[in-house]
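# Fold and geometry: a report
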Amino acid sequence: MSTAMHAFLVVAICSAVTIVLRAAPFAFFGGKKGVPRIVEALGRTLPPAIMAALVVYCLKSVPFGTMSNAASQIIAAACVVALHVWKRNTLLSIAAGTAVYMILIRIM
Amino acid sequence: MAEQSVRRRAFLLSLPVMCGYLFLGTAFGAMLAQAGFGVQWALLCSTLVYAGSLQFVMVPLMAGGSLAAAFLTALMVNARHLFYGLSFIERFKGMGRLRPYMIFSLTDETYSVFCGMPEGESDGVMVRVAAYDQLYWIIGSVAGGLLASRLPFDLTGIDFSMTALFIVICVERAMNAADRMPMVLGAVCAGACLLVLGPDNFLAPALALTAAALTIPHVARKGAGQ
């Protein structure tokens, strides 16, 4: 098999698997019978839980990486929280937090 | 809302994702180019696969390795997507011909922007946010393929905007008392899985654990005959 053919098949497989995974909940529960109560309740409680898990996912290198990188991430994350509680301006919180992080990883 | 203000609102909502996607997309395109795959491959991957972390681990598999490994990797890395759709089953109903694209394009970032939206957000805004996000990702990866390692400035760290976006959404949701318990649960499950399983492939088990923990109260209530 040529390299291009192999690469194309890898892309096709990855695309198909991702589509099936993303569509699975809609295929299972999207029909006329509707969503079971328990899944409906999950649909309400999962988003905040997933968002919190995604924050942990973004910071996953903290316990395993270097001390200075961990500190940069924690400090920048704390800045985002503080700034957002104070001003509640989404773009400001994100821009300022990212700037703090970019500066910290260069000076620490 | 007029067409123009719908577009404007969608653009503003997608701005944080733009920062993250343009940077990460560029990094992906450059990585692909270094592995010997040109711009057309960046375009193909970001259009058809459109899944950030999977696309990065896919690159060495495209250069070599078995197709079975590609299948298992895709399954492991993207298993978390099983949980995202659950919150939008009702919302995407009635979106007609837009529905398949809404499902296809439900990445972590687009999902999180949707989670931050007020109830009753219009279909037009939602589909534009989804499409703009993918456009940023495609533009970034093609630019990365063209520029490869010849970027004129050092943007290392700008991908923190994604982390910041997720944190902001968490802070917003924490204002709502009903969301606090699930958030704590999600963070604790993810933290525990991270420490036990390590940083690779801990998210899907963490989400499964979270979902199980969130359903226990309902099962218990049913068991008690209420």
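Remember, predicted model here, so these are calculated numbers, not experimental data. (Residues numbered from 1 in each chain as written. Chains lettered and ligands numbered in written order. Predicted model: local features only at pLDDT ≥ 70, side-chain atom pairs only at ≥ 80, totals over all residues. Heavy atoms only, no water.)

## What to know about the interface of chain B and chain A
With 84 residues of chain B in contact, the opposing surface of chain A contributes 66 residues. Counting the surface lost from both chain B and chain A, the interface buries some 6600 Å², and carbon and sulfur atoms represent 81% of this. Broken down residue by residue, the surface that chain B buries against chain A is led by L67(B), L86(B) and F160(B), which jointly contribute 10%. When the shortest N-O distance is used, the salt bridge between E172(B) and R88(A) registers 2.7 Å. Counting residues per element, the side of chain B that touches chain A draws most heavily on helix α10 (residues 160-174) of chain B, at 13 residues. Its residues assigned to classes, the side of chain B that touches chain A comprises 57 nonpolar, 19 polar and eight charged. (Contact = heavy atoms within 4.5 Å. Buried area = accessible area lost by both parts, 1.4 Å probe. Salt bridge = Lys/Arg side-chain N within 4 Å of Asp/Glu carboxyl O. Helix = DSSP H or I, 4+ residues; strand = E, 2+ residues; numbered from the N terminus. Nonpolar A, V, L, I, M, F, W, Y, C, P; charged D, E, K, R; others polar.)

## Describing the pattern of salt bridges
Two side chains carrying opposite charge are able to pair once their charged atoms lie near each other. All names here are of chain B. With the rule as written, the count across this model stands at nine salt bridges over all chains. Between D108 and R80 there is a salt bridge, with the nearest N and O atoms lying 2.7 Å from each other. Residue D108 is found in helix α8 (residues 108-115), and its partner R80 is found in the loop between α4 (67-78) and α5 (81-84); the two are separated by 28 residues along the sequence. Owing to a relative accessible area of 4%, R80 belongs among the buried residues under this scheme. (Buried < 20%, exposed > 50% of the residue type's maximum accessible area, 1.4 Å probe, protein only.)

## A few points about the domain arrangement of chain A
What the domain assignment reports for chain A is domain 1 (1-46) and domain 2 (59-108). Between the C-alpha centres of domain 1 of chain A and domain 2 of chain A there is a distance of 33 Å. (Domains from an automatic or database assignment.)

## Notes on the packing of aromatic side chains
Applying the stated criterion across every chain, the model contains 16 aromatic pairs over all chains. Consider the rings of Y50(B) and F104(B), whose centres lie 6.3 Å apart with planes at 35°: the pair is tilted. Taken together, the residues span a long stretch of sequence, with Y50(B) in the loop between α2 (39-48) and α3 (52-63) and F104(B) in helix α7 (residues 99-104) at a distance of 54 residues. On the basis of relative accessibility, which here comes to 16%, the residue F104(B) falls in the buried class. Both rings, one in Y101(B) and one in F104(B), keep their centres 6.1 Å apart while their planes meet at 40°; by these two values the pair is tilted. Linking Y101(B) with F104(B), this pair stays in helix α7, spanning three residues, or about one helical turn. Looking at K87(A), its charged tip hangs above the ring of W86(A), at a distance of 4.5 Å from the centre. (Phe/Tyr/Trp six-rings, centres within 6.5 Å; stacked < 30°, edge-to-face > 60°. Lys NZ or Arg CZ within 6 Å of the ring centre and 35° of its normal.)

## Notes on α10(B)
Here α10(B) contains 15 residues, and its C-alpha end-to-end distance of 21 Å stays within 8% of the 21 Å for a straight helix at 1.5 Å per residue. Burial analysis of α10(B) places 13 of its 15 residues in the buried class, which makes it a mostly covered element. (Expected span 1.5 Å × (residues − 1).)

## Section: a nonpolar patch on the surface
A grouping of F64(A), L195(B), V196(B) and L197(B) is seen on the molecular surface, where their side chains present a nonpolar patch of about 440 Å² in accessible area. The exposure class of L195(B) is exposed, given its relative accessible area of 62%. (Patch = residues over 30% accessible without salt bridge, like charges linked within 9 Å, V, L, I, M, F, W, Y side chains within 5 Å. Areas by Shrake-Rupley, 256 points an atom, 1.4 Å probe, with all protein chains shown as cover.)

## Quick notes on the domain arrangement of chain B
All names here are of chain B. The domain boundaries assigned to chain B delineate domain 1 (3-158) and domain 2 (176-226). Relative to domain 2, the C-alpha centre of domain 1 lies at a distance of 26 Å. Between domain 1 and domain 2, the contact holds six residues from the first and six residues from the second. When residues of domain 1 are sorted by the area they lose upon contact with domain 2, M76, R80 and F83 head the list and together hold 81% of the total. Between domain 1 and domain 2 we count zero salt bridges in total. Of all the secondary structure elements, the ones that give two or more residues to the side of domain 1 that touches domain 2 are α4 and α5. For the side of domain 1 that touches domain 2, the per-class residue count stands at five nonpolar, no polar and one charged.

## Concerning the side chain of S72(A)
All names here are of chain A. Note that S72 resides in helix α3 (residues 67-87). Among the polar contacts made by the side chain of S72, one reaches the main-chain carbonyl oxygen of S68 at a distance of 2.8 Å. Those residues in contact with S72 that lie beyond four places of it in its chain are Y101, L104, I105 and M108. (Polar contact = N/O pair within 3.5 Å; in protein donor to acceptor, adjacent residues only side chain to side chain.)

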